[in-house]
Amino acid sequence: MEALYASFPEYARDLKLNLQNVLKQTELTEQQAWGTAVASAIASRNPSLTQAVVGEAAARLSPAALNAAKAAAAVMGMNNIYYRFQHLSGNEKYAQIPARLRMQVIRSHGSDPVDFELWCTAVSAINGCGVCVASHENVLRGKGMTEDTIVAAIRIASVVHAAAAVFDAESALVTA
Amino acid sequence: MLGVGQKFPAFSVLATISTDPKNAFTTITDQSYEGKWKVYFFWPKDFTFVCPTEIAAFGKVNADFADRDAQVLGGSTDSEFVHLAWRTHHADLKDLPFPMLADLKHELCNALGIIDPNAGVAQRATFIVDPQGVIRFVSVNDLSVGRNPQEVLRVLDALQTDELCPCNWQKGEATL
């Protein structure tokens with residue numbers, strides 16, 4: 001992560017400092033914070049950021065938790081698009097048609113179900129699915145998670161997503 | 001005959017899992033392969049004509065079942081030694097990747113209700129059983145008609161595409 005922090009361009013210094021801080025928020029356990037970072041990095045698609053975050057997370061998370069955080073990004077990458085279409089279309093008929101998509105990992109990820117739900121919420125925020133954000137947030141609060149904790153994860157998602165765009169731009173400019 | 005929604009019966013049988021006589025046999029029960037889906041399929045008699053074709057066909061798609069967390073289990077009322085002899089002497093069955101159950105005492109087939117009243121051997125029955133041990137699919141062919149494993153895969157896929165994401169839960173539905 002040190003190399004990643006050092007590679008932030010000057011114009012994105014806010015993002016660098018935010019990233020350093022949001023990963024240390026006291027509202028989140030280490031597993032919640034780093035799982036959110038992993039899921040958010042994958043959802044945000046920048047290779048060097050993903051490499052740095054997953055590399056650091058591997059030292060902080062159990063293999064099962066790391067795998068589950070990746071799985072949250074994977075499955076929500078699909079569900080966010082599918083269910084976002086349902087609600088953006090405004091046609092309620094789509095909700096009555098079976099999705100016919102496998103999403104077994106939501107049950108079989110083998111990590112903490114509440115943390116997994118938190119990672120799904122963060123990915124949904126990045127992918128911009130309103131109905132997914134609303135429903136996963138609702139499940140989290142139903143399981144006793146406070147708004148302070150949930151929004152701490154969303155801070156990570158926001159900063160990771162912004163940082164990914166910056167690194168994409170920087171690598172495009174280097175090769176230009 | 002047991003049907004969809006019923007519990008797959010408890011059983012314990014010897015099974016043939018290899019052509020090497022030293023470790024060809026093992027005991028398999030309803031508790032084996034915990035957490036997996038199971039695909040049980042029965043045939044009337046070893047060393048008959050239709051059987052090796054469809055057994056080999058199940059063998060060929062075994063990896064597709066494994067991808068779906070499903071364990072394939074073939075079986076008949078022949079003994080484990082007959083299975084071993086058949087496996088050893090039939091080129092298509094040598095490397096069969098799943099166990100052959102030997103329901104010599106007819107206990108499992110009787111409990112399932114698939115003993116053919118005229119022939120006294122297992123009917124060509126197929127069961128998909130979920131990880132909780134509940135039968136989710138049943139089919140029985142006439143003794144002379146082989147099965148298509150692709151159709152069993154299609155059904156398994158359909159059974160596994162439950163919408164597990166809270167994104168599509170309607171009001172009042174239970175949570176995870």
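Residues numbered from 1 in each chain as written. Chains lettered and ligands numbered in written order. Predicted model: local features only at pLDDT ≥ 70, side-chain atom pairs only at ≥ 80, totals over all residues. Heavy atoms only, no water.

Turning our eyes to something else, we now look at the overall build of chain B. Broken down by element type, chain B carries 5 helices and 7 strands. Listing every helix and strand of chain B by position from the N terminus yields β-β-β-α-α-β-α-β-α-β-β-α. Its C-alpha atoms give chain B a radius of gyration of 17 Å, near enough to 16 Å, the size a compact globule of 176 residues would have. For chain B, the spread of C-alpha atoms along the three principal axes comes to 60 × 35 × 30 Å. A buried classification covers 49% of the 176 residues belonging to chain B. Split by element, the accessible area of chain B, about 8,300 Å² in all, is 52% carbon and sulfur. (Helix = DSSP H or I, 4+ residues; strand = E, 2+ residues; numbered from the N terminus. Rg over C-alpha atoms; globule rule 2.2 N^0.38 Å. Buried < 20%, exposed > 50% of the residue type's maximum accessible area, 1.4 Å probe, protein only. Areas by Shrake-Rupley, 256 points an atom, 1.4 Å probe, with all protein chains shown as cover.)

All names here are of chain B. Burial runs high along strand 3 (residues 37–42): 6 of the 6 residues are buried. Covered by surrounding structure in strand 3 are Trp37, Val39 and Phe41 together with Lys38, Tyr40 and Phe42, the residues of both alternating faces. For strand 3 and strand 4 (residues 70–76), the ladder comprises 6 bridges, and the chain directions are parallel. Considered in strand 4, the bridge of tryptophan 37 is made with alanine 70. Two strands pair when backbone bridges link them, and strand 3 and strand 6 (residues 124–129) are joined in this way by 4 bridges, in the antiparallel orientation. Counted as the bridge partner of phenylalanine 41 is threonine 126 from strand 6. (Pairing = 2+ DSSP bridges.)

What follows concerns the interface of chain B and chain A. Counting from both sides, the interface comprises 15 residues of chain B and, opposite them, 21 residues of chain A. The tally of links from chain B across to chain A stands at 1 salt bridge. The shortest N-O distance in the salt bridge between B:Asp157 and A:Arg102 comes to 3.2 Å. At the boundary of chain B and chain A, one finds 5 residue pairs in polar contact (both at pLDDT 80 or more). Counted by class, the side of chain B that touches chain A contains 7 nonpolar, 4 polar and 4 charged residues. (Contact = heavy atoms within 4.5 Å. Salt bridge = Lys/Arg side-chain N within 4 Å of Asp/Glu carboxyl O. Polar contact = N/O pair within 3.5 Å; in protein donor to acceptor, adjacent residues only side chain to side chain. Nonpolar A, V, L, I, M, F, W, Y, C, P; charged D, E, K, R; others polar.)

This part covers a nonpolar patch on the surface. Residues and elements named next belong to chain A. A cluster of nonpolar side chains, Phe85, Tyr94 and Ile97, forms an exposed patch at the surface whose accessible area comes to about 280 Å². By the secondary structure assignment, phenylalanine 85 is in helix 5 (residues 63–89). Judged by relative accessible area, phenylalanine 85 falls into the partly exposed class, the value being 46%. (Patch = residues over 30% accessible without salt bridge, like charges linked within 9 Å, V, L, I, M, F, W, Y side chains within 5 Å.)

This part covers the pairing of strand 1 (residues 12–16) of chain B. All names here are of chain B. Inspection of the sheet shows strand 1 paired to strand 2 (residues 25–29) by 5 bridges, in the antiparallel sense. Bridge pairing in strand 2 places serine 12 opposite threonine 29. As judged from the 3 bridges shared by strand 1 and strand 5 (residues 100–102), these two strands associate in the antiparallel manner. Its bridge partner being in strand 5, leucine 14 is matched across the sheet by alanine 102.

Time to look at the confidence of the model for chain B. Averaged over chain B, the pLDDT score is 92; the fraction of residues at 70 or greater is 96%. Both scores are given for the predicted complex: the pTM is 0.85, the ipTM 0.72. (pLDDT = per-residue confidence, 0-100.)

The phi dihedral of A:Arg45 falls on the positive side, at around 75°, and the residue is not glycine. When you line up the elements, A:Arg45 lands in the loop between helix 3 (30–44) and helix 4 (47–60). One non-glycine residue, B:Tyr33, lies in positive phi territory at about 55°. Tracing the chain through its elements places B:Tyr33 in the loop between strand 2 and strand 3.

All names here are of chain A. For helix 3, with 15 residues, the first-to-last C-alpha span of 21 Å sits near the 21 Å given by 1.5 Å per residue. Counting buried positions over the 15 residues of helix 3 gives 12, a clear majority of the element. Every buried residue of helix 3 is listed here: Gln32, Ala33, Trp34, Gly35, Thr36, Ala37, Val38, Ala39, Ser40, Ala41, Ala43 and Ser44. The inward-facing, buried residues of helix 3 abut helix 4, helix 5, helix 8 (113–127) and helix 10 (147–175). Where helix 3 ends, the next residue or the one after it, arginine 45, has phi of about 75°, a positive value. (Expected span 1.5 Å × (residues − 1).)

What follows is about the environment of B:Lys36. Residues and elements named next belong to chain B. As for its placement among the helices and strands, lysine 36 is situated in the loop between strand 2 and strand 3. According to the relative accessible area criterion, lysine 36 is partly exposed, its value standing at 33%. Considering only alpha carbons, one finds lysine 36 and alanine 70, 34 residues apart in sequence, at a separation of 5.4 Å. Beyond its immediate stretch of four places on either side in the chain, lysine 36 contacts Asp69, Asp130 and Pro131.

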